[in-house]
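# Examination of the molecular architecture
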Amino acid sequence: QSGGQLFLVLGKYFFTVLSSLLIHSVVIMPLILRYVGKVSPLAHFKAMRTALLTAFSTASSSATLPVTMRGVQDNAGVSKKVASFTLPLGATVNMNGTALYECVAVIFVAQVVGFQMDIGQQFVVVLAALLTSIGVAGIPSASLVAIFIILLNSGIPGAEIAIMTLLAVDRLLDMSRTAVNVLGDSCAAVVVARSEGEKGILEGPRPPVQSS
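Residues numbered from 1 in each chain as written. Predicted model: local features only at pLDDT ≥ 70, side-chain atom pairs only at ≥ 80, totals over all residues. Heavy atoms only, no water.

### Considerations on the nonpolar core
Counting residues in hydrophobic clusters, the biggest one holds 28 residues, and the most contacted among them are Tyr13, Tyr101, Ile147, Leu151 and Leu166. Take this core: its biggest share by element is eight residues, from helix H6 (residues 96-112). Among residues more than four places away in sequence, those in contact with Leu151 are Val106, Val109, Ile156, Ala159 and Ile163. Counting 26 residues, the second-largest nonpolar core is a separate cluster that includes Ala55, Val67, Met69 and Ala91. (Core = buried A, V, L, I, M, F, W, Y, C linked by side-chain atoms within 4.5 Å. Buried < 20%, exposed > 50% of the residue type's maximum accessible area, 1.4 Å probe, protein only. Helix = DSSP H or I, 4+ residues; strand = E, 2+ residues; numbered from the N terminus. Contact = heavy atoms within 4.5 Å.)

### Observations concerning the pattern of salt bridges
Per the counting criterion, the structure on display carries two salt bridges. Note that Asp170 and Arg177 form a salt bridge whose closest N and O atoms lie 3.3 Å from each other. Residue Asp170 shares its accessibility class with Arg177, and that shared class is buried. In this structure, Arg177 and Asp174 form a salt bridge, with 3.4 Å as the shortest nitrogen-oxygen distance. Taken together, the residues Arg177 and Asp174, both in helix H10 (residues 170-195) and three residues apart, mark about one turn of the helix. (Salt bridge = Lys/Arg side-chain N within 4 Å of Asp/Glu carboxyl O.)

### Details of empty space enclosed by the protein
If you roll a probe as big as a water molecule over the atoms, it shows you where there is empty space left. What the rule picks out here adds up to two cavities of 30 Å³ or more. Approximately 90 Å³ is the volume attributed to the largest cavity. At four residues, the largest contribution of residues to the lining of the largest cavity is made by H10. Its residues placed into classes, the lining of the largest cavity shows six nonpolar, seven polar and two charged. Taken as a whole, the second largest cavity encloses approximately 30 Å³ of empty space. For the lining of the second largest cavity, the elements supplying multiple residues, two or more each, are helix H4 (61-75), helix H5 (80-93) and H10. Broken down by element, the lining of the second largest cavity gets its largest block of residues, three residues, from H4. Tallied by class, residues from the lining of the second largest cavity come to four nonpolar, two polar and one charged. (1 Å grid on protein atoms, 1.4 Å probe; cavity = no way out; pocket = protein on both sides within 12 Å on 5 of 7 lines; lining within 4 Å. Points joined across faces, edges and corners; volume = space filled by probe spheres on them. Nonpolar A, V, L, I, M, F, W, Y, C, P; charged D, E, K, R; others polar.)

### Looking at a nonpolar patch on the surface
On the surface, Leu22, Ile23, Val26, Val27, Ile28, Leu31, Ile32, Tyr35 and Val36 cluster together into a nonpolar patch covering about 810 Å² of accessible area. The topology assignment puts Val27 in helix H1 (residues 5-35). (Patch = residues over 30% accessible without salt bridge, like charges linked within 9 Å, V, L, I, M, F, W, Y side chains within 5 Å. Areas by Shrake-Rupley, 256 points an atom, 1.4 Å probe, with all protein chains shown as cover.)

### Notes on unusual backbone geometry
Even without glycine at this site, Lys38 takes up a positive phi of about 60°. Within the secondary structure, Lys38 sits in the loop between H1 and helix H2 (41-47). Take Lys38: its relative accessible area is 55%, and that puts it in the exposed class. Residues other than glycine seldom take positive phi values, yet Ala59 does so here, at roughly 55°.

### Considerations on the packing of aromatic side chains
Ring pairs (aromatic) are described by centroid distance and by the angle formed between their planes. Inspection of the entire model under this criterion finds three aromatic pairs. On the basis of an interplanar angle of 25° and a centroid distance of 4.4 Å, the ring pair of Tyr13 and Phe108 is categorised as stacked. With Tyr13 in helix H1 and Phe108 in helix H6, this pair connects stretches of sequence that are 95 residues apart. Accessibility expressed as a relative area gives 7% for Phe108, which makes it buried. Here the aromatic rings of Phe14 and Phe15 are separated by 5.4 Å at their centres, their planes lie at 90°, and the arrangement is edge-to-face. One aromatic cluster is present, formed by Tyr13, Tyr101 and Phe108 through successive ring pairs. The lysine or arginine in question, Arg177, covers the ring of Tyr101, its NZ or CZ lying 3.8 Å from the ring centre. (Phe/Tyr/Trp six-rings, centres within 6.5 Å; stacked < 30°, edge-to-face > 60°. Lys NZ or Arg CZ within 6 Å of the ring centre and 35° of its normal.)

### A short note on H4
Val67 marks where H4 bends most, by close to 35°. Among all positions in H4, only Ser61, Thr64, Leu65, Val67, Thr68, Met69, Gly71, Val72 and Gln73 are buried. Packing partners of the buried residues in H4 comprise H2, helix H3 (49-58), H5 and H10. After H4 finishes, the residue Gly77 shows a positive phi value of roughly 85°. (Bend = angle between axes of the 7 residues up to and from the residue.)

Written out as C-alpha cells, the structure reads:
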C-alpha cells in the first residue's frame, strides 16, 4: 500500500536521528567535559566504554545503571557520594538522547502525513519532548509512548497510524539513544564531582583499599 518510497523516507529519518545523536555525543558532550568538567573527553570515553556498550546492547539505562556506577567510580574517579546521587536520578530524569529522538520523530511523522509545522509549533514539540523525556522509563522503546502523547497533543491528523512506521527502525535507534543517555549521565556525574572540588577525576583507576 505504501510503496518503496516509504523505505527511502525511513532511511532519511534513520540517518537523521543517528547523525543528531552522533553530533551530540562527539561535539556537545566533549565540550561540556572539557570546559565545564575540566577533564579529557577521550579519557572519559575510555573510562565509560563498558557502560556505553552495555547501554547499546540492552537499550535500557536502568539495566545499565550498575555498570555505569562502577565505571564512574572505579574508572573516572568520582566519589560514591556523588555517583550514588547523580546516576540513579539521571537514569530517569537526564534523557538527553531520548528528548532529541522524540523531537525528530514527531517532526518526521508530521512530514509523512503532510502536516506543516511552523516555528511556534516546533518549539512546543521541543518543550514537550524535554518534559516527557523526564518521566520516560529506562526500558526499551518506552519513548514511543511519549511520542504518541506529543503527537496527540500536536493536532497532527492520522499521527497514531503513521507512528507505527517508526517501529520498523526503532530498535537500533533505541540502542543508540540509550548509549547517549548513559553518556550524558556520566558526564553530569563528572561535572557535579568537579563542582564539589573532588580531586583525582579521570586520573586512572583508584588503587584498591587495603584492609588493616
